[in-house]
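Commentary on secondary and tertiary structure
So you can see what is in the structure, the chains are spelled out below.
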Amino acid sequence: MNEFIGSMDITAKGCNLYYGDFHALKDINIEIPEKQVTALIGPSGCGKSTFLKIFNRMNDLVEGCRMEGEYRIGGVDIFDKETDVNVLRKNVGMVFQKPNPFPMSIYDNIAFAPRTVGITKRSELDEIVERSLRRASIWDEVKDRLRKNALGMSGGQQQRLCIARSLAASPKVLLMDEPTSALDPISTGKIEELMEELKKDLTIVIVTHNMQQATRIADKTAFFLLGELVEYGNTDDIFTSPRDERTERYITGRFG
Amino acid sequence: MRKLYSALKYVCIACLAISLIALVAVVAYVLINGIGNLSFNLVFGEYKPDAPTLLPALVGTLELVAIAAIIAVPIGIASAIFLVEYTNNKGKFVKIVGIATETLAGIPSIVYGLFGYLIFVVAFGWGYSLLGGAITLAIMILPTIVRSTQESLLSVQGGLREGAYALGTSKVRTIFKIVLPSAAGGIVTAIILAIGRVVSESAVLILTIGMVVNKVPETLMAPGTSLALDIYYFANHGRPDEAAATAVVLLILVMLLNLLAGWIGNLIKKSTYGDAK
Ligand SMILES: Nc1ncnc2c1ncn2[C@@H]1O[C@H](COP(=O)(O)OP(=O)(O)OP(=O)(O)O)[C@@H](O)[C@H]1O
Ligand SMILES: [Mg+2]
């Protein structure tokens with residue numbers, strides 16, 4: 001069985017992905033460093049979500065999705081038959097565009113992943129719940145209503161709850177697909193601060209349509225267009241001196 | 001155009017009035033004729049030729065409901081889980097099964113009765129029995145349970161499944177901890193409505209359990225009766241008063257079941273969705 005220990009950098013080599021006949025990702029090669037925030041940007045439909053979902057193998061659930069290439073996280077081949085997909089997903093958490101808290105209490109939401117791996121002791125669960133909620137900086141807002149249904153929270157709170165729920169599985173990588181696109185600026189700011197904090201321990205890959213957000217939080221930025229990786233580098237370089245003309249046109253808002 | 005719209009509105013109101021009048025007329029007629037004839041002895045007393053009682057029918061109805069539900073509910077739910085969670089929902093197989101269950105749900109119950117008669121009464125040599133009737137009823141309500149459970153499962157937001165899988169949750173755990181609880185309200189309502197059909201069914205039972213109205217069945221292999229059958233029996237044997245009284249009991253039972261369905265459904269919805277929805 002393959003375990004995820006050691007560094008948590010992500011590499012994709014010769015990545016090609018097809019939905020049926022549609023060639024969604026074309027020849028992508030990328031190395032994403034550990035413990036940094038990497039932003040994936042590009043116009044709608046260019047394949048950012050598709051690319052992101054490779055790394056926790058959510059595409060496995062899509063009918064007719066076929067892929068080639070080599071994908072490694074911390075050196076482990078994630079499609080190797082020695083790699084258990086559920087172990088992979090515990091190590092590679094995901095936060096979705098639309099907050100998706102489970103219809104149960106706040107406490108049970110956070111305790112869901114630990115319970116899946118067989119943790120049942122109350123004191124242990126209490127501790128994980130508190131630690132995860134604190135790390136997602138939502139503890140103070142919910143500590144008095146842990147037994148209340150999570151669906152009664154605001155959208156921004158729900159999204160931070162979902163982040164806390166992922167953290168409770170102690171992942172080493174966090175994939176975020178437009179996590180703030182449905183949120184107001186204050187909630188967005190909170191989540192951005194949070195990422196700054198989390199990247200001390202986690203490799204974060206985030207899809208965003210918001211250029212300012214990418215410049216604020218991302219160490220590296222990758223620009224996708226029509227299924228191709230056009231340019232990838234330090235965020236500062238991408239936004240101040242892009243090498244590719246298409247990148248420049250996109251970040252200056254002249255197409256896309 | 002304006003005129004046409006307001007005319008349409010009045011046509012709808014008129015139609016609604018007709019439906020309501022028909023409904024109220026039936027309920028009122030049954031109640032007016034039946035309530036006066038209800039007595040403790042009629043419902044719970046001992047059966048005598050000149051003073052028939054409903055006790056055998058009450059026992060029979062409860063046993064039929066219990067057995068039919070015990071058989072049909074787990075099989076129906078498991079089938080629906082397979083169709084929704086383990087197949088590609090747009091596939092041919094699911095489509096064919098969908099057409100089959102819809103057709104089966106629409107078949108007149110007397111056809112199920114005939115089937116039960118030929119299989120259990122004749123081929124198995126059981127003669128008329130509560131068990132044969134209950135199994136036939138289970139087969140009859142199965143398609144309905146499968147369909148409504150399927151619909152409840154499909155209405156669970158895909159984001160919840162994705163969220164669970166993304167935490168490294170196995171499929172089985174996702175189904176039992178996330179999907180089924182979210183769909184439980186709809187499923188429970190469907191089950192109770194199916195039980196309502198069992199309670200009010202008569203055609204199937206005439207052909208399978210034998211309509212023995214004067215004896216509480218001692219075993220499941222014994223013939224028996226149900227409330228619906230008793231109405232038929234009393235009406236056919238010159239006892240319109242008892243028939244009307246039985247109808248009241250049946251009506252109340254079905255009404256209670258419907259209320260129960262709504263209540264449990266809401267309760268489960270509340271406990272899964274809290275005050276949010
Ligand atoms: N399940 C699927 N089946 C078929 N085609 C798909 C599927 N999912 C995505 N696609 C197609 O693949 C392409 C890339 O989609 P993807 O969702 O990755 O884009 P995106 O960059 O995330 O877009 P957005 O910014 O709008 O979220 C699109 O053309 C889309 O239509
Ligand atoms: Mg997307």
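A quick note: this is a predicted structure, and the numbers were derived from the prediction, not measured.

**So, the site of ligand 1**
Residue and element names in this part refer to chain A. Around ligand 1 lies a shell formed by Tyr19, Phe22, Ser44, Gly45, Cys46, Gly47, Lys48, Ser49, Thr50, Val62, Glu178 and His209. A distance of 2.6 Å separates an oxygen atom of ligand 1 from a polar atom in the side chain of serine 49. When isolated, ligand 1 has an accessible area of 630 Å², and the protein chains bury 63% of it. Among the elements that make up the shell around ligand 1, the one with the highest residue count is helix 1 (residues 48-54) (three residues). Tallied by class, residues from the shell around ligand 1 come to four nonpolar, six polar and two charged.

**Side note on the packing of helix 4 (residues 122-135) of chain A against helix 6 (residues 155-167) of chain A**
Residue and element names in this part refer to chain A. For the pair helix 4 and helix 6, interaxial distance at closest approach is 8 Å and the crossing angle is 130°. The orientation of helix 4 relative to helix 6 falls into the category oblique. Viewed along their axes, helix 4 and helix 6 form a crossing whose handedness is right-handed. Contacts between helix 4 and helix 6 involve Ser132, Leu133 and Arg135 on the former and, on the latter, Leu161, Ala164 and Leu167. Split into classes, the residues belonging to the contact of helix 4 with helix 6 amount to four nonpolar, one polar and one charged.

**Side note on the pairing of strand 1 (residues 10-19) of chain A**
Residues in a regular strand project their side chains so that they alternate between the two faces of the sheet. Residue and element names in this part refer to chain A. The element strand 1 is largely enclosed, with a buried count of seven among its ten residues. The sheet contact formed by strand 1 and strand 2 (residues 22-32) spans seven bridges and is antiparallel. Paired with tyrosine 19 across the strands is phenylalanine 22, a residue of strand 2. The antiparallel pairing of strand 1 with strand 2 creates a hairpin that spans two residues between the two strands, and glycine 20 there sits at a positive phi of about 60°. Pairing geometry for strand 1 and strand 4 (residues 65-73), over eight bridges, is antiparallel. The residue bridging tyrosine 18 from the neighbouring strand is arginine 66, located in strand 4.

Calculation notes
Residues numbered from 1 in each chain as written. Chains lettered and ligands numbered in written order. Predicted model: local features only at pLDDT ≥ 70, side-chain atom pairs only at ≥ 80, totals over all residues. Heavy atoms only, no water. Near = heavy atom within 4 Å. Polar contact = N/O pair within 3.5 Å; in protein donor to acceptor, adjacent residues only side chain to side chain. Areas by Shrake-Rupley, 256 points an atom, 1.4 Å probe, with all protein chains shown as cover. Helix = DSSP H or I, 4+ residues; strand = E, 2+ residues; numbered from the N terminus. Nonpolar A, V, L, I, M, F, W, Y, C, P; charged D, E, K, R; others polar. Axes fitted to C-alpha atoms, helices over the stretch in contact; angles between N-to-C directions. Parallel < 35°, antiparallel > 145°, perpendicular 65-115°, else oblique. Left-handed = near helix turned anticlockwise from the far one by under 90°. Contact = heavy atoms within 4.5 Å. Buried < 20%, exposed > 50% of the residue type's maximum accessible area, 1.4 Å probe, protein only. Pairing = 2+ DSSP bridges.

Interpretation note: all reported values are geometric properties and have no functional meaning in isolation.
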